[in-house]
Amino acid sequence: MKKIQMVDLTGQYEDIREEVNKSIQQVMETAAFINGPEVHGFQKELENYLGVKHVIPCANGTDALQIAMMGLGLKPGDEVITADFTFAATVEVIALLGLTPVLVDVDAETFNIDPEAVKKAITPKTKAIVPVHLFGQCAPMDELLAIAEENGLFLIEDNAQAIGATHTFKDGSKKMAGTMGHVAATSFFPSKNLGCYGDGGAIFTNDDDLAHFIRGIVNHGMYERYHHDVIGVNSRLDSIQAAVLRAKLPRLDDYCRRRREAARKYNEAFKGNSDLILPKTVNNCDGICPTCDCHVFHQYTLRITNGKRDALAAHLSEKGIPFGIYYPIPLHRQKAYADPRYREADFPVTNQLVKEVISLPMHTELDDDQIEFITTTVLNYI
């Protein structure tokens with residue numbers, strides 16, 4: 001059995017080696033390193049894939065979130081509601097812009113932001129909601145879009161973990177993650193389902209005026225060279241990373257399919273064990289249905305309910321099995337984001353999840369022998 005990786009980018013590269021190397025070589029030979037043909041080509045191809053009017057590439061996913069908020073004209077002191085159970089980048093950019101982060105609890109089954117908690121957190125100062133499509137599936141967008149519309153709020157999708165996922169609305173219509181709110185941000189960090197070989201990100205929107213504004217922001221506020229019309233930043237996707245992403249984008253649906261297949265095998269091995277809570281799709285399917293398109297399994301995350309999560313983690317390390325604990329400390333307890341407004345009683349789900357969650361290896365190159373070894377190791381210890 002080959003060595004188990006949390007993410008096997010080397011194995012994935014072997015499948016696209018020739019195409020990636022050729023594209024990178026072309027960038028080197030033309031020296032079109034910034035805003036070259038590869039960037040523009042990737043932008044158009046991703047717009048077509050998502051069915052969104054505008055993709056604006058940028059340097060990384062954190063920049064994408066910050067620039068999205070800058071584009072909406074949010075002002076210092078404006079409140080922005082987001083999930084307590086997520087990576088810090090989401091709240092980091094809110095604080096960097098002088099906005100006021102308002103953290104709320106999440107759903108125990110999907111790990112995504114709880115619409116009822118969002119409703120309770122709205123005040124006259126609230127200007128935006130930032131749902132995070134965590135671990136590979138969309139937040140409850142029917143409810144969140146209704147809340148945003150009813151209260152005149154912007155909805156900013158943090159789509160760093162769910163590119164390729166589809167949300168089915170209650171009326172049966174479908175849209176892809178990142179195309180439903182006023183604006184969305186994504187990351188192309190190497191471990192993402194669609195990842196480059198360095199940092200990269202993008203902003204998505206269907207709003208023509210907002211897209212124009214954001215295109216200026218990412219390029220020092222310029223629409224014409226040396227004419228600075230808006231306050232901007234320097235945040236551009238370089239051509240080499242765009243070349244890698246162009247090679248991977250046509251394979252994204254297959255990458256997501258292979259991740260779902262691995263998740264099904266994990267679920268099959270673990271089903272019926274009372275000490276494990278398996279990941280569930282937002283549609284509450286029994287397992288992961290054969291036609292599943294709502295979850296792309298950026299992570300496969302279990303809950304260990306017998307109080308032995310940390311001991312299991314140590315055991316997996318001894319057996320050479322990598323894992324992740326996403327996330328060990330809720331944002332409301334982080335020093336940088338502590339606030340006397342927060343009460344522990346407001347975060348019962350998050351406070352439980354941080355004690356129980358563990359993510360197992362999940363990537364496109366997992367094979368049956370590896371999955372069997374991982375699941376047997378977990379079950380024998382449990």
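Structure: see above.
Predicted model only: the values in this text are computed from it and were never measured.

Outline unusual backbone geometry, listing residues and values.
That bond from Tyr 326 to Tyr 327 is cis: its omega, 20 degrees, falls within 30 degrees of zero. As for its position among the elements, Tyr 327 is in the loop between α10 (309-318) and α11 (348-356). Phi is positive for Phe 111, which is not a glycine, with a value near 70 degrees. Here Phe 111 shows up in the loop between β3 (100-104) and α5 (115-121). The class of Phe 111 is buried, set by a relative accessible area of 7%. With phi around 65 degrees, Phe 135 is a residue other than glycine that occupies positive phi space. Looking at where Phe 135 falls in the secondary structure, it is placed in the loop between β4 (126-130) and α6 (141-151).

Mind laying out the nonpolar core, listing which residues take part and the relevant values?
Core analysis: the largest hydrophobic core is formed by 55 residues, its most contacted members being Phe 42, Leu 46, Phe 85, Phe 188 and Phe 204. With five residues, helix α2 (residues 37-50) is the single largest residue contributor to this core. In terms of nonpolar packing, the next biggest core, distinct from the first, is built from 26 residues, Ile 4, Leu 278, Cys 294 and Ile 304 among them.

Requested: an account of a nonpolar patch on the surface, with residues and values cited.
A cluster of nonpolar side chains, namely Met 28, Phe 33 and Ile 34, defines an oily patch on the protein surface of about 280 Å² accessible area. Taking the relative accessible area as the measure of exposure, Met 28 reaches 44% and is therefore partly exposed.

Give me the sheet that holds strand β14 (residues 357-360): which residues, what numbers.
Strand pairing in a sheet takes place through backbone hydrogen bonds and is either antiparallel or parallel in direction. Reading across from one edge, β12-β13-β14 is the order of the three strands in this open sheet, with antiparallel pairing throughout. Whereas interior strands pair on both sides, the edge strands pair on one side only; in this sheet they are β12 (276-277) and β14. Both strand β13 (residues 300-304) and β14 contribute to a ladder of four bridges, which runs antiparallel. Each residue of the ladder has a partner; that of Tyr 300, found in β14, is Leu 360. Along the sheet, helix α9 (residues 252-270) makes contact with β12, β13 and β14, crossing β13 at roughly 20 degrees. The strands touched by α11 are β13 and β14; relative to β13, the strand with the most contacts, the crossing angle is about 95 degrees.

Cut-off values and rules
- Residues numbered from 1 in each chain as written.
- Predicted model: local features only at pLDDT ≥ 70, side-chain atom pairs only at ≥ 80, totals over all residues.
- Heavy atoms only, no water.
- Helix = DSSP H or I, 4+ residues; strand = E, 2+ residues; numbered from the N terminus.
- Buried < 20%, exposed > 50% of the residue type's maximum accessible area, 1.4 Å probe, protein only.
- Core = buried A, V, L, I, M, F, W, Y, C linked by side-chain atoms within 4.5 Å.
- Patch = residues over 30% accessible without salt bridge, like charges linked within 9 Å, V, L, I, M, F, W, Y side chains within 5 Å.
- Areas by Shrake-Rupley, 256 points an atom, 1.4 Å probe, with all protein chains shown as cover.
- Salt bridge = Lys/Arg side-chain N within 4 Å of Asp/Glu carboxyl O.
- Pairing = 2+ DSSP bridges.
- Contact = heavy atoms within 4.5 Å.
- Axes fitted to C-alpha atoms, helices over the stretch in contact; angles between N-to-C directions.

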